[in-house]
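Descriptive structure summary
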Amino acid sequence: MLGILYPTEGTIQLGMETSKIRFIPDFPNLPKSVTIDEWLEKLELMFGDVLLNIDIQEITGLNGDLKLGELSAGQYRLTALLPLFYGRPELIVLDEPTNFLDMLIREKILKLIKEQIELTNSKVILASHKMDEIVTFCDSVLMIDKGRMVASVSMSLKNREEYIVYVNNVESLREMLAYSDIEFKMMDTITGQAIAIQMSWAFWKVIHKFTKSGGIIESLRLINDFEAVLGEY
């Protein structure tokens, strides 16, 4: 798609200039002898000004005199993400974009990327193993296992009323549900085990019993298609 490799068959038509594409690979190869200040100057020359009302260096905390070859893994990744904010991209391609970033700067940079996407109305293609990135940026998801596509799902909420519930004692709630006639399934998620269930009055009765015994409902929300399919793998 980016023209880096030639396809063995088929064609892809993007309908845009390559200058409107921003590609951040999993292992970026930046010019190591260039300083941060020189890198920012090159980005402005290639793509134009930063559209967001932000000071890139103040936000990132990058020392302008440092050479790119002297940066830590996190600083290097952060520097590789900076082209996203210059000019008005129409397509952003991200491959594991936040690897090596510490928690605080990761949250900050994800927020800025989202603001840039909304400002420029650019499309995003994202390869990621991080659920929060997928939920933040994706309308549809292709799930790949050993190079084979196993599912194509929408991030929209499911039409049927299936909910995912997180509790402080999932085993206790599972036992209560097992003694009832309520259908449910266990799900392993990035934040631990949860329970997927069809909403009913019978479920609320079990929840009432669960909370009276000291259980706490930490989260209860509609499940989306991606989470439902993910629970099957």
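So, here's what we can say about the structure. (Residues numbered from 1 in each chain as written. Predicted model: local features only at pLDDT ≥ 70, side-chain atom pairs only at ≥ 80, totals over all residues. Heavy atoms only, no water.)

Focus on helix α7 (residues 201–212)
End to end, α7 covers 17 Å across twelve residues, agreeing with the expected 16 Å (1.5 Å per residue, within 8%). Turning to α7, its buried residues are Phe 203, Val 206, Ile 207 and Phe 210. Mapping the buried residues of α7 onto a view down its axis gives an arc of 105°, with all of them on the same face. Exposed residues on α7 whose side chains face more than 90 degrees from its buried face are Trp 201, Lys 205, Lys 209 and Lys 212. One or two residues past the end of α7 sits Gly 214, with phi positive at roughly 105°. (Helix = DSSP H or I, 4+ residues; strand = E, 2+ residues; numbered from the N terminus. Expected span 1.5 Å × (residues − 1). Buried < 20%, exposed > 50% of the residue type's maximum accessible area, 1.4 Å probe, protein only. Arc of directions from axis to C-beta.)

Digging into the nonpolar core
If you look at the biggest cluster of nonpolar residues, it comprises 39 residues, and the most contacted ones within it are Trp 39, Leu 40, Leu 82, Leu 84, Phe 85, Ile 109 and Val 141. Sorting the residues of this core by element identifies α1 (36–47), α2 (56–60), α3 (73–81), β2 (91–95), α4 (103–120), α5 (131–137), β4 (140–145) and β5 (148–154) as the ones contributing at least two each. For this core, the element with the highest residue contribution is α4, accounting for six residues. Excluding residues within four positions of it along the chain, Leu 40 makes contact with Ile 56, Gln 57, Leu 82 and Tyr 86. Listed in part, the 13 residues of the second largest apolar core include Val 167, Leu 173, Ile 195 and Ile 207. (Core = buried A, V, L, I, M, F, W, Y, C linked by side-chain atoms within 4.5 Å. Contact = heavy atoms within 4.5 Å.)

What to know about the pattern of salt bridges
Within this structure, the stated rule accounts for eight salt bridges. Arg 106 is the partner of Glu 107 in a salt bridge, and the nearest nitrogen-oxygen pair spans 3.7 Å. Glu 107 sits in the partly exposed class, given a relative accessible area of 45%. Arg 174 serves as the salt-bridge partner of Glu 171, at 2.7 Å between the closest nitrogen and oxygen. Here Glu 171 and its partner Arg 174 are both found in helix α6 (residues 170–178), three residues apart, which amounts to about one turn of the helix. Since its relative accessible area comes to 27%, Arg 174 is described here as partly exposed. Ionic contacts of the salt-bridge type, sharing partners, join the residues Arg 106, Glu 107, Asp 132 and Glu 133 into one network. (Salt bridge = Lys/Arg side-chain N within 4 Å of Asp/Glu carboxyl O.)

Thoughts on the packing of aromatic side chains
What the rule picks out here adds up to one aromatic pair. Here the aromatic rings of Phe 203 and Trp 204 are separated by 5.9 Å at their centres, their planes lie at 55°, and the arrangement is tilted. Take Phe 203: its relative accessible area is 0%, and that puts it in the buried class. Directly above the aromatic system of Phe 47 lies the positively charged group of Arg 22, at a separation of 3.7 Å from the ring centroid. (Phe/Tyr/Trp six-rings, centres within 6.5 Å; stacked < 30°, edge-to-face > 60°. Lys NZ or Arg CZ within 6 Å of the ring centre and 35° of its normal.)

Description of the packing of α6 against α7
Packing of α6 against α7 brings their axes to within 10 Å, and their N-to-C directions diverge by 135°. In terms of their interaxial angle, α6 and α7 are classed as oblique. Seen from above, α6 lies across α7 with right-handed handedness. On α7, the residues that touch Ser 172, Leu 173, Met 176 and Leu 177 of α6 are Phe 203, Val 206, Ile 207, Lys 209 and Phe 210. Counted by class, the contact of α6 with α7 contains seven nonpolar, one polar and one charged residues. (Axes fitted to C-alpha atoms, helices over the stretch in contact; angles between N-to-C directions. Parallel < 35°, antiparallel > 145°, perpendicular 65-115°, else oblique. Left-handed = near helix turned anticlockwise from the far one by under 90°. Nonpolar A, V, L, I, M, F, W, Y, C, P; charged D, E, K, R; others polar.)

Examining the side chain of Arg 106
Among the structural elements, Arg 106 can be located in helix α4. According to the relative accessible area criterion, Arg 106 is buried, its value standing at 11%. Polar contacts involving the side chain of Arg 106 include one to the side chain of Glu 133, which spans 3.2 Å. Ignoring sequence-local partners within four residues, the contact set of Arg 106 consists of Thr 98, Leu 101, Lys 130, Asp 132 and Glu 133. (Polar contact = N/O pair within 3.5 Å; in protein donor to acceptor, adjacent residues only side chain to side chain.)

Everything listed here is a matter of coordinates, which is why it stays silent on function.
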